[in-house]
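Commentary on secondary and tertiary structure
Here are the chains, one letter per residue:
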Amino acid sequence: MIKRYSLPNGLGVILETDKQSYSAAVSVWVKAGSVLESKAENGLSHFMEHMAFKGTTTRDAKQLAKQMDALGGQVNAATSRTSTVYYARVLPDELKPCIELLSDIVLNPALDNESFQKEKQVIAEEIAMVEDSPEESVFDLINKALYKGSLSETILGEKDALLNYKRKALVDFRDKYYVANNALVVVAGNFDEEEIIKQIEGYFSSWKSGKEALYPKNAYLLEPKKLYVKKDTEQTHLCLGFKGVAEGDERIYAVSLLSTILGGGLSSRLFQSIREEHALAYQVYSSYTSYPYIGDFIVYAACKPENLHKVEAEIHKQIKNLKAKGITQEELDYAKIQVKTALVIANESLMHRMHDLGEQEMSLKKHVGLPEMLKKTDALTKEDIQAAAELLYMPCAKAIIGPTEE
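These numbers were taken from a predicted model, which means no experiment stands behind them. (Residues numbered from 1 in each chain as written. Predicted model: local features only at pLDDT ≥ 70, side-chain atom pairs only at ≥ 80, totals over all residues. Heavy atoms only, no water.)

Concerning the overall build of the protein chain
Short version of the rule: The way it works is that DSSP assigns letters per residue, a run of H or I at least four long becomes a helix, a run of E at least two long becomes a strand, and they are numbered from the N terminus. For every residue, the accessible area obtained with a 1.4 Å probe (protein chains only) is divided by the maximum for its type, and the residue is called buried under 20%, exposed over 50%, and partly exposed between those limits. Residue contacts are counted whenever heavy atoms from the two residues lie within 4.5 Å of one another. We treat Lys and Arg as the positive residues and Asp and Glu as the negative residues; His and chain ends play no part in the count. Charged side chains are reduced to one point each, which is NZ for Lys, CZ for Arg, CG for Asp and CD for Glu.
When its secondary structure is counted, the protein chain shows 15 helices and 11 strands. If one aligns the C-alpha atoms of the protein chain with their principal axes, the spans along those axes are about 60 × 50 × 35 Å. Taken across its 406 residues, the protein chain has 53% of its residues classed as buried. In the protein chain, once contacts between residues fewer than 6 apart in sequence are set aside, the share between residues at least 24 apart is 83%. Taking the 49 positively charged and 58 negatively charged side chains of the protein chain as two groups, their mean positions are separated by 4 Å.

Looking at the sheet that holds strand S2 (residues 12–17)
Two strands in a sheet stick together by hydrogen bonds in their backbones, pointing the same way (parallel) or opposite ways (antiparallel). Here is the rule we go by: Strands are treated as partners if at least two bridges between them are detected by DSSP. Each axis is a line fitted through C-alpha atoms, taken for helices only over the stretch in contact, and angles between the N-to-C directions span 0 to 180 degrees.
Taken together, six strands build an open sheet; the order of strands is S1-S2-S6-S3-S5-S4 and the sheet is mixed. Looking at strand neighbours, the two that pair on one side only are strand S1 (2–6) and strand S4 (74–79), the edges of this open sheet. Strand-to-strand twist in this sheet, taken as the mean axis angle between neighbours without regard to direction, amounts to 15 degrees. Contacts between helix H8 (residues 193–204) and the sheet are confined to S1, S2, strand S3 (24–30) and strand S6 (183–189), with S2 contributing the most and set at about 155 degrees to the helix.

Digging into unusual backbone geometry
One non-glycine residue, alanine 279, lies in positive phi territory at about 50 degrees. Position of alanine 279 among the secondary structure elements: in the loop between helix H10 (269–277) and strand S9 (281–291). The exposed category is assigned to alanine 279, whose relative accessible area is 59%. With a phi close to 60 degrees, lysine 365 is a non-glycine residue in the positive phi region. Looking at the secondary structure, you find lysine 365 in the loop between helix H13 (350–364) and helix H14 (370–378).

Here's the deal with the packing of aromatic side chains
Applicable threshold: Aromatic rings from Phe, Tyr and Trp, with only the six-membered ring used for Trp, were paired whenever their centres fell within 6.5 Å, and each pair was classed as stacked if the ring planes differed by under 30 degrees, edge-to-face if by over 60, and tilted otherwise.
Applying the stated rule across the entire model yields eight aromatic pairs. Both rings, one in tyrosine 147 and one in tyrosine 291, keep their centres 6.2 Å apart while their planes meet at 80 degrees; by these two values the pair is edge-to-face. With tyrosine 147 in the loop between helix H5 (134–146) and helix H6 (159–164) and tyrosine 291 in strand S9, this pair connects stretches of sequence that are 144 residues apart. For tyrosine 147, a relative accessible area of 2% puts it in the buried group. Judged by relative accessible area, tyrosine 291 falls into the buried class, the value being 8%.

Section: the sheet that holds strand S10 (residues 294–303)
Here we have five strands laid out as an open sheet, ordered S7-S11-S8-S10-S9, and mixed in their pairing. What marks the edges here is a single partner per strand, and that holds for strand S7 (226–230) and S9. On average, adjacent strands in this sheet sit at an angle of 15 degrees to one another, irrespective of strand direction. Two elements, strand S8 (residues 236–243) and S10, share eight bridges in a ladder whose sense is antiparallel. When the bridges of S10 are listed, phenylalanine 242 appears paired with phenylalanine 297. In this fold H5 packs onto S7, S8, S9, S10 and strand S11 (397–402), with an angle of close to 150 degrees to the strand it touches most, S11. With respect to the sheet, helix H11 (residues 308–325) is in contact with S8, S10 and S11, its orientation differing from that of S8 by roughly 25 degrees.

A closer look at the pattern of salt bridges
Going by this rule: A side-chain nitrogen of Lys or Arg and a carboxyl oxygen of Asp or Glu constitute a salt bridge if their distance falls within 4 Å.
One pass over the structure, following the stated rule, counts 24 salt bridges. In this structure, lysine 365 engages glutamate 212 in a salt bridge whose closest nitrogen and oxygen atoms are separated by 3.0 Å. Residue lysine 365 is found in the loop between H13 and H14, and its partner glutamate 212 is found in the loop between H8 and S7; the two are separated by 153 residues along the sequence. Among the charged side chains, a salt-bridge network with shared partners connects Lys39, Lys144, Glu153 and Glu158.

Details of the packing of helix H1 (residues 44–51) against helix H4 (residues 113–131)
Where we set the bar: Note that the term roughly parallel is reserved for angles under 35 degrees, roughly antiparallel for angles over 145, roughly perpendicular for angles of 65 to 115, and oblique for everything else. Crossings are classed by handedness, with left-handed meaning an anticlockwise turn of the near helix from the far one by less than a right angle and right-handed meaning a clockwise turn. Nonpolar residues are Ala, Val, Leu, Ile, Met, Phe, Trp, Tyr, Cys and Pro. Charged residues are Asp, Glu, Lys and Arg, and all others, Gly as well, are polar.
Running from amino to carboxyl end, H1 crosses H4 at an angle of 120 degrees, the nearest separation of the two axes being 10 Å. Here H1 lies oblique to H4, going by the angle between them. Every pair of crossing elements has a handedness; the one defined by H1 and H4 is right-handed. Seen from H1, the contacting residues are His46, Phe47, His50 and Met51; seen from H4, they are Ser115, Phe116, Glu119, Lys120, Val122, Ile123 and Glu126. Across the contact of H1 with H4, the residue classes tally to five nonpolar, three polar and three charged.

Focus on the environment of threonine 341
The cut-off we apply is this: By the criterion applied in these results, polar contacts are pairs of N or O atoms within 3.5 Å in which, for protein atoms, one can donate a hydrogen and the other can accept it, and in which residues neighboring in sequence qualify only through two side-chain atoms.
Along the chain, threonine 341 turns up in helix H12 (residues 329–347). Overall, threonine 341 belongs to the partly exposed group, its relative accessible area being 39%. Counting along the chain gives 33 residues from threonine 341 to leucine 374, while the straight-line C-alpha distance between them is 9.4 Å. Here isoleucine 337 takes part through its backbone oxygen, which lies 2.7 Å from a polar atom of the side chain of threonine 341.

As for H12
Which entries qualify depends on this criterion: Multiply 1.5 Å by the residue count of a helix minus one, and that product is the helix's expected span. The arc in question is traced by the directions running from the helix axis to the C-beta atoms.
Here H12 is 19 residues long and its end C-alpha atoms lie 27 Å apart, about the 27 Å a rise of 1.5 Å per residue gives. Listing the buried residues of H12 in full gives Glu331, Leu332, Ala335, Lys336 and Val339. Along the axis of H12, the buried positions cluster into a sector of 130 degrees, meaning they face one direction only. Turned more than 90 degrees off the buried face of H12, the exposed positions are Glu330, Ile337 and Ile345. Buried residues belonging to H12 abut helix H9 (252–263), H10, H14 and helix H15 (382–389).

Structural data, given as C-alpha coordinates:
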(Lines give C-alpha, C1' and ligand atoms only; values in the text may rest on other atoms or scores of the structure.)
Protein backbone atom coordinates (compact mmCIF):
# COMPACT_ATOMS: atom_id res chain seq x y z
CA MET A 1 0.00 0.00 0.00
CA ILE A 2 1.24 3.48 -0.91
CA LYS A 3 0.93 6.24 1.70
CA ARG A 4 1.63 9.96 1.38
CA TYR A 5 2.75 12.40 4.04
CA SER A 6 3.89 15.99 4.09
CA LEU A 7 6.22 17.57 6.63
CA PRO A 8 5.46 21.08 7.98
CA ASN A 9 8.22 22.50 5.77
CA GLY A 10 6.46 21.15 2.66
CA LEU A 11 8.68 18.12 2.04
CA GLY A 12 6.64 15.32 0.48
CA VAL A 13 7.02 11.72 1.66
CA ILE A 14 5.82 8.58 -0.13
CA LEU A 15 6.03 5.16 1.49
CA GLU A 16 5.36 1.75 -0.04
CA THR A 17 5.85 -1.12 2.42
CA ASP A 18 6.66 -4.63 1.24
CA LYS A 19 7.24 -6.98 4.16
CA GLN A 20 8.15 -9.79 1.76
CA SER A 21 11.24 -7.92 0.64
CA TYR A 22 14.64 -8.49 2.24
CA SER A 23 15.80 -4.92 1.58
CA ALA A 24 14.61 -1.34 1.33
CA ALA A 25 15.17 1.46 -1.20
CA VAL A 26 15.20 5.10 -0.17
CA SER A 27 15.56 8.20 -2.33
CA VAL A 28 15.55 11.98 -2.09
CA TRP A 29 14.19 13.72 -5.18
CA VAL A 30 14.77 17.37 -6.04
CA LYS A 31 12.92 19.07 -8.87
CA ALA A 32 16.12 20.27 -10.52
CA GLY A 33 16.86 19.07 -14.04
CA SER A 34 18.00 20.46 -17.36
CA VAL A 35 14.47 21.34 -18.49
CA LEU A 36 14.24 23.82 -15.59
CA GLU A 37 17.58 25.45 -16.32
CA SER A 38 18.03 28.74 -18.14
CA LYS A 39 20.68 28.87 -20.85
CA ALA A 40 23.04 30.44 -18.31
CA GLU A 41 22.39 27.54 -15.88
CA ASN A 42 22.69 24.62 -18.30
CA GLY A 43 24.49 21.71 -16.66
CA LEU A 44 24.22 22.98 -13.08
CA SER A 45 21.68 20.33 -11.99
CA HIS A 46 24.18 17.64 -12.97
CA PHE A 47 27.08 19.61 -11.48
CA MET A 48 25.25 19.83 -8.15
CA GLU A 49 24.69 16.07 -8.16
CA HIS A 50 28.46 15.57 -8.50
CA MET A 51 29.31 18.06 -5.76
CA ALA A 52 26.98 16.41 -3.25
CA PHE A 53 29.46 13.52 -3.00
CA LYS A 54 32.55 15.73 -2.61
CA GLY A 55 32.09 16.32 1.09
CA THR A 56 29.61 17.91 3.48
CA THR A 57 29.96 20.28 6.41
CA THR A 58 30.39 17.23 8.67
CA ARG A 59 32.17 14.69 6.42
CA ASP A 60 34.93 14.99 3.88
CA ALA A 61 34.75 13.09 0.57
CA LYS A 62 36.81 10.16 1.88
CA GLN A 63 34.59 9.77 4.95
CA LEU A 64 31.51 9.86 2.72
CA ALA A 65 32.89 7.14 0.47
CA LYS A 66 33.88 4.98 3.45
CA GLN A 67 30.49 5.31 5.13
CA MET A 68 28.64 4.63 1.88
CA ASP A 69 30.61 1.40 1.53
CA ALA A 70 29.91 0.59 5.19
CA LEU A 71 26.18 0.55 4.44
CA GLY A 72 26.84 -2.48 2.28
CA GLY A 73 24.33 -1.50 -0.37
CA GLN A 74 24.11 0.72 -3.41
CA VAL A 75 24.35 4.49 -2.91
CA ASN A 76 24.25 6.72 -5.98
CA ALA A 77 22.59 9.66 -7.72
CA ALA A 78 21.31 10.59 -11.16
CA THR A 79 20.23 13.71 -13.00
CA SER A 80 17.56 13.69 -15.69
CA ARG A 81 15.92 16.43 -17.70
CA THR A 82 13.24 16.82 -15.01
CA SER A 83 14.84 15.99 -11.64
CA THR A 84 17.84 14.94 -9.58
CA VAL A 85 17.60 11.87 -7.35
CA TYR A 86 19.89 10.62 -4.58
CA TYR A 87 19.15 7.00 -3.75
CA ALA A 88 20.25 3.89 -1.93
CA ARG A 89 19.25 0.28 -1.47
CA VAL A 90 20.22 -1.33 1.82
CA LEU A 91 19.21 -3.93 4.37
CA PRO A 92 16.35 -2.81 6.64
CA ASP A 93 18.72 -2.55 9.62
CA GLU A 94 20.81 0.01 7.73
CA LEU A 95 17.93 2.33 6.83
CA LYS A 96 18.47 4.82 9.65
CA PRO A 97 22.17 5.52 8.92
CA CYS A 98 21.31 5.51 5.21
CA ILE A 99 18.64 8.19 5.62
CA GLU A 100 20.99 10.24 7.78
CA LEU A 101 23.72 9.98 5.13
CA LEU A 102 21.38 10.98 2.29
CA SER A 103 20.08 13.93 4.32
CA ASP A 104 23.65 15.10 4.91
CA ILE A 105 24.71 15.07 1.24
CA VAL A 106 21.48 16.75 0.11
CA LEU A 107 21.18 19.36 2.88
CA ASN A 108 24.80 20.06 3.80
CA PRO A 109 27.16 19.89 0.80
CA ALA A 110 30.42 21.70 1.48
CA LEU A 111 30.75 23.15 -2.04
CA ASP A 112 34.34 24.23 -1.36
CA ASN A 113 36.09 25.97 -4.23
CA GLU A 114 38.93 23.44 -4.53
CA SER A 115 36.50 20.54 -5.07
CA PHE A 116 34.42 22.73 -7.37
CA GLN A 117 37.39 23.42 -9.65
CA LYS A 118 38.46 19.76 -9.68
CA GLU A 119 34.98 18.52 -10.50
CA LYS A 120 34.85 20.79 -13.54
CA GLN A 121 37.59 18.66 -15.04
CA VAL A 122 35.83 15.42 -14.13
CA ILE A 123 32.59 16.52 -15.80
CA ALA A 124 34.53 17.79 -18.82
CA GLU A 125 35.89 14.25 -19.19
CA GLU A 126 32.33 12.90 -18.89
CA ILE A 127 31.22 15.24 -21.69
CA ALA A 128 34.15 14.09 -23.83
CA MET A 129 33.20 10.46 -23.18
CA VAL A 130 29.67 11.10 -24.47
CA GLU A 131 31.00 12.93 -27.51
CA ASP A 132 33.21 9.92 -28.26
CA SER A 133 30.10 7.74 -28.28
CA PRO A 134 28.01 8.68 -31.35
CA GLU A 135 25.29 6.15 -30.50
CA GLU A 136 24.73 8.20 -27.34
CA SER A 137 25.43 11.76 -28.51
CA VAL A 138 23.11 11.43 -31.51
CA PHE A 139 20.20 11.49 -29.04
CA ASP A 140 21.39 14.85 -27.71
CA LEU A 141 21.58 16.01 -31.31
CA ILE A 142 18.02 14.91 -32.10
CA ASN A 143 16.79 16.90 -29.10
CA LYS A 144 18.45 19.97 -30.57
CA ALA A 145 16.74 19.22 -33.88
CA LEU A 146 13.32 18.64 -32.30
CA TYR A 147 12.97 21.18 -29.54
CA LYS A 148 13.18 24.82 -28.77
CA GLY A 149 14.16 26.02 -25.31
CA SER A 150 15.60 24.01 -22.45
CA LEU A 151 14.74 20.59 -23.91
CA SER A 152 17.17 21.29 -26.73
CA GLU A 153 20.03 21.51 -24.24
CA THR A 154 22.03 18.59 -22.86
CA ILE A 155 21.89 17.37 -19.25
CA LEU A 156 25.67 17.61 -18.86
CA GLY A 157 25.91 21.10 -20.34
CA GLU A 158 28.44 22.49 -22.79
CA LYS A 159 32.12 22.04 -22.00
CA ASP A 160 33.18 25.68 -22.50
CA ALA A 161 30.36 27.02 -20.35
CA LEU A 162 31.06 24.41 -17.68
CA LEU A 163 34.73 25.38 -17.41
CA ASN A 164 33.79 29.06 -17.06
CA TYR A 165 31.26 28.61 -14.25
CA LYS A 166 32.03 30.37 -10.98
CA ARG A 167 31.29 28.73 -7.65
CA LYS A 168 28.67 31.39 -6.90
CA ALA A 169 26.60 30.23 -9.89
CA LEU A 170 26.30 26.77 -8.37
CA VAL A 171 25.55 28.12 -4.88
CA ASP A 172 22.82 30.38 -6.25
CA PHE A 173 21.38 27.50 -8.27
CA ARG A 174 21.29 25.24 -5.23
CA ASP A 175 19.67 27.94 -3.07
CA LYS A 176 16.90 28.28 -5.64
CA TYR A 177 16.05 24.63 -6.20
CA TYR A 178 17.21 22.72 -3.10
CA VAL A 179 14.32 23.66 -0.82
CA ALA A 180 12.00 21.33 1.11
CA ASN A 181 8.80 22.05 -0.80
CA ASN A 182 10.61 21.39 -4.09
CA ALA A 183 11.65 17.91 -2.96
CA LEU A 184 10.36 14.46 -2.10
CA VAL A 185 11.50 11.46 -0.04
CA VAL A 186 10.46 8.00 -1.26
CA VAL A 187 10.95 4.75 0.66
CA ALA A 188 9.95 1.33 -0.67
CA GLY A 189 10.51 -2.15 0.73
CA ASN A 190 10.71 -3.73 4.16
CA PHE A 191 10.53 -1.13 6.92
CA ASP A 192 8.47 0.06 9.88
CA GLU A 193 6.30 2.94 8.73
CA GLU A 194 6.11 4.85 12.01
CA GLU A 195 9.83 4.55 12.61
CA ILE A 196 10.68 5.75 9.09
CA ILE A 197 8.46 8.81 9.45
CA LYS A 198 10.21 9.69 12.72
CA GLN A 199 13.61 9.34 11.05
CA ILE A 200 12.63 11.46 8.05
CA GLU A 201 11.20 14.14 10.33
CA GLY A 202 14.33 14.04 12.48
CA TYR A 203 16.77 14.46 9.60
CA PHE A 204 14.79 16.66 7.19
CA SER A 205 12.58 18.93 9.33
CA SER A 206 15.33 21.62 9.42
CA TRP A 207 15.31 21.90 5.63
CA LYS A 208 14.12 25.38 4.72
CA SER A 209 11.17 25.99 2.42
CA GLY A 210 11.29 28.16 -0.65
CA LYS A 211 9.58 28.42 -4.01
CA GLU A 212 8.47 25.26 -5.79
CA ALA A 213 9.82 25.07 -9.33
CA LEU A 214 7.33 24.83 -12.19
CA TYR A 215 8.13 22.97 -15.37
CA PRO A 216 8.18 25.40 -18.30
CA LYS A 217 5.61 25.29 -21.06
CA ASN A 218 8.04 26.84 -23.55
CA ALA A 219 10.02 23.63 -24.18
CA TYR A 220 7.81 22.90 -27.17
CA LEU A 221 8.43 21.44 -30.60
CA LEU A 222 9.90 23.88 -33.04
CA GLU A 223 9.87 23.56 -36.83
CA PRO A 224 11.84 20.31 -37.05
CA LYS A 225 15.42 20.74 -38.18
CA LYS A 226 18.03 18.49 -39.78
CA LEU A 227 21.37 18.51 -37.95
CA TYR A 228 24.55 16.80 -39.11
CA VAL A 229 27.88 16.26 -37.34
CA LYS A 230 30.68 14.89 -39.47
CA LYS A 231 32.73 12.39 -37.50
CA ASP A 232 35.24 9.74 -38.51
CA THR A 233 33.23 6.68 -37.48
CA GLU A 234 32.77 3.25 -39.02
CA GLN A 235 29.00 3.65 -38.98
CA THR A 236 26.62 6.50 -39.55
CA HIS A 237 24.18 7.05 -36.68
CA LEU A 238 20.72 8.29 -37.60
CA CYS A 239 17.82 9.54 -35.48
CA LEU A 240 14.45 10.59 -36.85
CA GLY A 241 12.34 12.54 -34.37
CA PHE A 242 8.56 12.88 -34.30
CA LYS A 243 6.11 14.44 -31.91
CA GLY A 244 5.02 12.17 -29.06
CA VAL A 245 2.73 12.63 -26.07
CA ALA A 246 3.20 14.44 -22.77
CA GLU A 247 3.32 12.89 -19.31
CA GLY A 248 -0.17 12.08 -18.12
CA ASP A 249 -1.58 11.79 -21.65
CA GLU A 250 -3.75 8.66 -21.85
CA ARG A 251 -2.38 7.99 -25.34
CA ILE A 252 0.91 6.92 -23.77
CA TYR A 253 -0.35 3.32 -23.60
CA ALA A 254 -1.08 3.29 -27.33
CA VAL A 255 2.28 4.91 -28.07
CA SER A 256 3.98 2.18 -26.05
CA LEU A 257 2.38 -0.54 -28.19
CA LEU A 258 3.07 1.45 -31.35
CA SER A 259 6.76 1.60 -30.49
CA THR A 260 6.83 -2.13 -29.79
CA ILE A 261 5.19 -2.97 -33.10
CA LEU A 262 7.25 -0.55 -35.17
CA GLY A 263 10.69 -0.99 -33.61
CA GLY A 264 10.59 -2.67 -30.22
CA GLY A 265 11.71 -6.24 -30.72
CA LEU A 266 12.96 -8.98 -33.00
CA SER A 267 9.58 -9.29 -34.72
CA SER A 268 9.06 -5.53 -35.08
CA ARG A 269 8.54 -4.12 -38.54
CA LEU A 270 11.74 -2.08 -38.64
CA PHE A 271 13.93 -4.92 -37.37
CA GLN A 272 12.44 -7.45 -39.76
CA SER A 273 12.64 -5.13 -42.75
CA ILE A 274 15.91 -3.24 -42.26
CA ARG A 275 18.01 -5.93 -40.59
CA GLU A 276 16.54 -9.30 -41.45
CA GLU A 277 15.20 -8.73 -44.96
CA HIS A 278 17.53 -6.10 -46.40
CA ALA A 279 20.60 -6.47 -44.09
CA LEU A 280 21.05 -2.69 -44.08
CA ALA A 281 21.82 -2.22 -40.37
CA TYR A 282 22.78 -4.18 -37.29
CA GLN A 283 20.83 -2.00 -34.89
CA VAL A 284 17.48 -0.29 -35.45
CA TYR A 285 14.76 0.50 -32.93
CA SER A 286 12.17 3.03 -31.84
CA SER A 287 11.65 4.65 -28.45
CA TYR A 288 9.50 7.34 -26.88
CA THR A 289 9.93 9.86 -24.06
CA SER A 290 7.33 11.93 -22.25
CA TYR A 291 7.97 15.23 -20.46
CA PRO A 292 5.65 17.73 -18.80
CA TYR A 293 3.61 19.30 -21.64
CA ILE A 294 5.38 17.53 -24.52
CA GLY A 295 6.90 14.25 -25.70
CA ASP A 296 8.73 12.68 -28.61
CA PHE A 297 9.00 9.48 -30.60
CA ILE A 298 12.44 8.55 -31.96
CA VAL A 299 13.64 6.01 -34.50
CA TYR A 300 17.35 5.17 -34.32
CA ALA A 301 19.55 3.21 -36.71
CA ALA A 302 23.27 2.63 -37.18
CA CYS A 303 24.50 1.55 -40.60
CA LYS A 304 27.30 1.78 -43.12
CA PRO A 305 27.54 5.30 -44.54
CA GLU A 306 26.61 4.09 -48.03
CA ASN A 307 23.39 2.57 -46.67
CA LEU A 308 22.12 5.69 -44.91
CA HIS A 309 19.65 6.82 -47.55
CA LYS A 310 18.27 3.30 -48.01
CA VAL A 311 17.76 2.92 -44.25
CA GLU A 312 16.04 6.29 -43.94
CA ALA A 313 13.80 5.52 -46.93
CA GLU A 314 12.84 2.15 -45.45
CA ILE A 315 11.97 3.74 -42.08
CA HIS A 316 9.62 6.17 -43.79
CA LYS A 317 8.17 3.37 -45.91
CA GLN A 318 7.35 1.30 -42.84
CA ILE A 319 5.78 4.26 -41.05
CA LYS A 320 3.66 5.18 -44.08
CA ASN A 321 2.55 1.59 -44.48
CA LEU A 322 1.54 1.31 -40.83
CA LYS A 323 -0.37 4.59 -41.01
CA ALA A 324 -2.14 3.63 -44.26
CA LYS A 325 -3.01 0.00 -43.53
CA GLY A 326 -2.96 -0.22 -39.74
CA ILE A 327 -1.75 -3.22 -37.77
CA THR A 328 -2.87 -6.83 -37.58
CA GLN A 329 -4.58 -8.47 -34.63
CA GLU A 330 -1.55 -10.72 -34.26
CA GLU A 331 0.76 -7.71 -33.96
CA LEU A 332 -1.54 -6.18 -31.36
CA ASP A 333 -1.66 -9.37 -29.30
CA TYR A 334 2.11 -9.85 -29.44
CA ALA A 335 2.74 -6.23 -28.46
CA LYS A 336 0.39 -6.42 -25.50
CA ILE A 337 2.18 -9.49 -24.19
CA GLN A 338 5.58 -7.83 -24.60
CA VAL A 339 4.54 -4.59 -22.91
CA LYS A 340 2.67 -6.24 -20.04
CA THR A 341 5.54 -8.65 -19.39
CA ALA A 342 8.01 -5.77 -19.29
CA LEU A 343 5.76 -3.86 -16.87
CA VAL A 344 5.36 -6.84 -14.54
CA ILE A 345 9.06 -7.74 -14.53
CA ALA A 346 10.06 -4.13 -13.89
CA ASN A 347 7.54 -3.88 -11.05
CA GLU A 348 9.21 -6.83 -9.32
CA SER A 349 12.31 -4.66 -8.89
CA LEU A 350 12.28 -2.66 -5.67
CA MET A 351 14.50 0.02 -7.20
CA HIS A 352 12.15 0.34 -10.16
CA ARG A 353 9.14 0.82 -7.90
CA MET A 354 10.99 3.43 -5.88
CA HIS A 355 12.03 5.32 -9.02
CA ASP A 356 8.56 5.00 -10.53
CA LEU A 357 6.96 6.50 -7.43
CA GLY A 358 9.38 9.42 -7.43
CA GLU A 359 9.20 10.19 -11.14
CA GLN A 360 5.41 10.15 -11.27
CA GLU A 361 5.04 12.23 -8.12
CA MET A 362 7.53 14.82 -9.34
CA SER A 363 5.65 15.52 -12.55
CA LEU A 364 2.09 14.23 -12.14
CA LYS A 365 1.50 14.52 -8.36
CA LYS A 366 -0.09 11.08 -8.51
CA HIS A 367 0.82 7.44 -9.07
CA VAL A 368 -0.60 5.05 -11.64
CA GLY A 369 -0.18 1.52 -10.30
CA LEU A 370 0.61 -1.70 -12.13
CA PRO A 371 -2.99 -3.06 -12.19
CA GLU A 372 -4.25 0.11 -13.86
CA MET A 373 -1.43 0.11 -16.42
CA LEU A 374 -2.11 -3.52 -17.31
CA LYS A 375 -5.84 -2.86 -17.60
CA LYS A 376 -5.35 0.14 -19.89
CA THR A 377 -2.89 -1.78 -22.05
CA ASP A 378 -5.29 -4.69 -22.38
CA ALA A 379 -8.11 -2.38 -23.45
CA LEU A 380 -6.27 -0.99 -26.48
CA THR A 381 -7.60 -1.71 -29.98
CA LYS A 382 -6.04 -1.68 -33.44
CA GLU A 383 -7.77 1.65 -34.02
CA ASP A 384 -6.07 3.13 -30.93
CA ILE A 385 -2.65 2.20 -32.29
CA GLN A 386 -3.39 3.61 -35.72
CA ALA A 387 -4.63 6.84 -34.14
CA ALA A 388 -1.35 7.11 -32.20
CA ALA A 389 0.56 6.53 -35.44
CA GLU A 390 -0.87 9.81 -36.78
CA LEU A 391 1.69 11.54 -34.55
CA LEU A 392 4.44 10.20 -36.80
CA TYR A 393 4.68 12.34 -39.81
CA MET A 394 6.54 14.77 -41.88
CA PRO A 395 8.31 16.97 -41.59
CA CYS A 396 10.25 15.10 -38.94
CA ALA A 397 13.48 16.16 -37.27
CA LYS A 398 16.69 14.43 -38.29
CA ALA A 399 20.06 14.02 -36.60
CA ILE A 400 23.07 12.33 -38.22
CA ILE A 401 26.56 11.65 -36.88
CA GLY A 402 29.09 9.94 -39.12
CA PRO A 403 31.40 10.26 -42.10
CA THR A 404 28.54 10.65 -44.57
CA GLU A 405 28.79 13.77 -46.69
CA GLU A 406 26.08 16.26 -45.76
